[in-house]
Amino acid sequence: MANEKLTVTLEGKAASKLAALAAESGHSPAVYAALMIEDYFEREMAEIGALKAAVKSADAGNLVPHEEVVARGRAIIEASKRKKAS
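Quick caveat: nothing in here was measured; it's all calculated off a predicted structure. (Residues numbered from 1 in each chain as written. Predicted model: local features only at pLDDT ≥ 70, side-chain atom pairs only at ≥ 80, totals over all residues. Heavy atoms only, no water.)

1. With respect to the overall build of the protein chain
Right, so step 1: Within the protein chain, the regular secondary structure consists of three helices and zero strands.
Right, so step 2: Going from N to C terminus, the protein chain has its helices and strands arranged as α-α-α.
Right, so step 3: Whereas a compact globule of 86 residues would reach a radius of gyration of roughly 12 Å, the protein chain reaches 23 Å, over 25% beyond that.
Right, so step 4: Out of the 86 residues belonging to the protein chain, those deemed buried represent 3%.
Right, so step 5: For the protein chain, the exposed surface amounts to about 7,800 Å²; the carbon and sulfur share of it is 61%.
Right, so step 6: Put simply, the protein chain has 12 plus and 12 minus side-chain charges, and the middle of one group is 10 Å from the middle of the other. (Helix = DSSP H or I, 4+ residues; strand = E, 2+ residues; numbered from the N terminus. Rg over C-alpha atoms; globule rule 2.2 N^0.38 Å. Buried < 20%, exposed > 50% of the residue type's maximum accessible area, 1.4 Å probe, protein only. Areas by Shrake-Rupley, 256 points an atom, 1.4 Å probe, with all protein chains shown as cover. Lys, Arg positive; Asp, Glu negative; His and termini not counted. Charge placed at Lys NZ, Arg CZ, Asp CG, Glu CD.)

This is the structure we're talking about:
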């Protein structure tokens, strides 16, 4: 695994929160910054993967017509209203 040195400037609340977290836990701010960046990276990569899969599916013709989506949405709303009313 390659290491990359990165300098980040945090301001305001983010800097205060990171300092408080580090102070409370005894870990360095750098440890938390690295973990946070890794978590963000994983979420973004998962989202990009999901978007690519959705585009591939749409390109293959797996689409739902707009009218059907609207009808399904209205049916869900009506069912919810009936459930709340009972």
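2. Side note on the pattern of salt bridges
Right, so step 1: For the structure on display, the rule yields two salt bridges.
Right, so step 2: Across the pair Glu68 and Arg72 runs a salt bridge whose closest N-O atoms are separated by 2.4 Å. Of this pair, Glu68 and Arg72 are both found in helix α3 (residues 66–85), four residues apart, which corresponds to roughly one turn of the helix.
Right, so step 3: The class of Glu68 is partly exposed, set by a relative accessible area of 34%. (Salt bridge = Lys/Arg side-chain N within 4 Å of Asp/Glu carboxyl O.)

3. Focus: helix α1 (residues 12–25)
Right, so step 1: If you check α1, its first and last C-alpha atoms are 20 Å apart, about what 14 residues at 1.5 Å a residue would give, namely 20 Å.
Right, so step 2: Remark: Gly26 follows α1 within two positions and exhibits a positive phi of approximately 85 degrees. (Expected span 1.5 Å × (residues − 1).)

4. Points about a nonpolar patch on the surface
Right, so step 1: A surface patch of nonpolar side chains, about 380 Å² in accessible area, is lined by Leu6, Val8, Leu10 and Ile37.
Right, so step 2: Here Leu10 is to be found in the segment before α1. (Patch = residues over 30% accessible without salt bridge, like charges linked within 9 Å, V, L, I, M, F, W, Y side chains within 5 Å.)

5. Some details on the packing of α1 against helix α2 (residues 29–59)
Right, so step 1: Between α1 and α2, whose axes approach to 9 Å, the crossing angle comes to 115 degrees. Note on packing geometry: the crossing formed by α1 with α2 is right-handed. Mapping the contact onto sequence places Leu18, Leu21, Ala22 and Ser25 in α1 and Pro29, Tyr32, Ala33 and Met36 in α2.
Right, so step 2: A class-by-class count of the residues in the contact of α1 with α2 yields seven nonpolar, one polar and no charged. (Axes fitted to C-alpha atoms, helices over the stretch in contact; angles between N-to-C directions. Left-handed = near helix turned anticlockwise from the far one by under 90°. Contact = heavy atoms within 4.5 Å. Nonpolar A, V, L, I, M, F, W, Y, C, P; charged D, E, K, R; others polar.)

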